[in-house]
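Breakdown of the fold
Take a look at the letters that make up each chain.
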Amino acid sequence: MELGCRVPCVLVGPCRPKWMRMVDNVTFNRDPTETNNQNKLIHYCLHQPDKLDRIAKYLYKRLSQDVSRRYDLNMFIAIECINKLIQACHGQRLVLAQVFLRMVHLLLQTNRVDLQILAAKSFVEFSQIEDDVPNYLKEYNDLIDHFCSMAHNGTSRLLVRMAGIFGIQGVVRKTVGDQLHLDVVHGSNMDKIIPSLLLNIFSTAPCTRKDRCLSLRHASIEIASYANCRFW
């Protein structure tokens, strides 16, 4: 008897592979404070590193679907999940890094401020990890485009400007001391970075949160120092 089902059994219901079920348990969780499933996934990845590539790509696929469907909670959980995996899987970050950058880029491409800020925050956390993961010129060039655009946001969106500046700071921090630093920071990207820094260093627009404005200005000056841009 022919059932006419063309969907592979391995991807349906309980027949899915264990790694896929574990990712679904994390991303389908309705309680953001519940970390049990996430911890189980991390433990599984540490003992089954050969599955990391598939897990990372599946997380990206889920995030893409959730962005299209505007499943906000799932998006936050997915990006947090890969952040945790990157932090925990020290010896396997190379496998996760490229997929992570694609996920960040996907969120930055949306027109939603909250997702752009989430993407910048996630990348800043990633940039603070010191390891031997190679840097990616194309991905970082794309990130600089987005972060500079955010840094030019109007004064009514101070949080967006802060996220953009901190994102640029993350790219500079991630590439400093690397040969790629010359390509990323001293190439054509400087035509985008310098106006962003100047705008936020010398901005005279009214600011209701002086602490945030000061933090924004200090971050801009620090980026210029990293990049050896003595333009003021």
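The protein chain is annotated in an unreviewed UniProt entry as Protein EFR3 homolog A from Echinostoma caproni.

Looking only at helices and strands, one finds 11 helices and zero strands in the protein chain. In the protein chain, the order of α-helices and β-strands from amino to carboxyl end is α-α-α-α-α-α-α-α-α-α-α. Going through the 232 residues of the protein chain one by one, you find that 45% of them count as buried. Sequence separation of at least 24 residues holds for 69% of the intrachain contacts in the protein chain that already meet a minimum separation of 6. Of the roughly 12200 Å² of accessible surface on the protein chain, 53% is carried by carbon and sulfur atoms.

Take the nonpolar core next. In this structure, Ile 55, Phe 100, Met 103, Leu 107, Phe 123, Leu 143 and Phe 147 are the most contacted members of the largest nonpolar core, which totals 60 residues. When residues of this core are assigned to their parent elements, the largest contribution, 10 residues, is made by helix α5 (residues 93-108). Residue assignment places this core across two domains, with domain 1 (16-110) and domain 2 (138-231) each supplying three or more. Contact partners of Leu 143, with chain neighbours within four places excluded, come to Leu 101, Val 104, Leu 108, Phe 123 and Val 171.

So, on to the environment of Cys 81. Positionally, Cys 81 belongs in helix α4 (residues 72-88). For the pair Cys 81 and Gln 38, spaced 43 residues apart in sequence, the C-alpha to C-alpha distance is 7.0 Å. Dropping the residues within four chain positions of it, Cys 81 is found in contact with Val 26, Gln 38, Leu 41 and Leu 59.

Turning our eyes to something else, we now look at the packing of α5 against helix α6 (residues 113-127). The relative placement of two packed helices is expressed as an angle between their axes plus a distance between the axes. Two elements in contact, α5 and α6, have axes whose closest approach is 7 Å; the angle formed by their N-to-C orientations is 155°. In terms of orientation, α5 and α6 fall into the roughly antiparallel class. Helix-helix and strand crossings are classified by hand; for α5 and α6 the assignment is left-handed. Mapping the contact onto sequence places Ala 97, Phe 100, Leu 101, Val 104, Leu 107 and Leu 108 in α5 and Leu 115, Gln 116, Leu 118, Ala 119, Ser 122, Phe 123 and Phe 126 in α6. Looking at the contact of α5 with α6, its residues break down into 11 nonpolar, two polar and no charged.

A word on helix α10 (residues 190-201). Here α10 is 12 residues long and its end C-alpha atoms lie 16 Å apart, about the 16 Å a rise of 1.5 Å per residue gives. All of the buried residues along α10 are Met 190, Ile 193, Ser 196, Leu 197, Asn 200 and Ile 201. For α10, the buried positions fall inside an angular range of 135° around the axis, keeping them on one side.

The rules behind each value
Residues numbered from 1 in each chain as written. Predicted model: local features only at pLDDT ≥ 70, side-chain atom pairs only at ≥ 80, totals over all residues. Heavy atoms only, no water. Helix = DSSP H or I, 4+ residues; strand = E, 2+ residues; numbered from the N terminus. Buried < 20%, exposed > 50% of the residue type's maximum accessible area, 1.4 Å probe, protein only. Contact = heavy atoms within 4.5 Å. Areas by Shrake-Rupley, 256 points an atom, 1.4 Å probe, with all protein chains shown as cover. Core = buried A, V, L, I, M, F, W, Y, C linked by side-chain atoms within 4.5 Å. Domains from an automatic or database assignment. Axes fitted to C-alpha atoms, helices over the stretch in contact; angles between N-to-C directions. Parallel < 35°, antiparallel > 145°, perpendicular 65-115°, else oblique. Left-handed = near helix turned anticlockwise from the far one by under 90°. Nonpolar A, V, L, I, M, F, W, Y, C, P; charged D, E, K, R; others polar. Expected span 1.5 Å × (residues − 1). Arc of directions from axis to C-beta.

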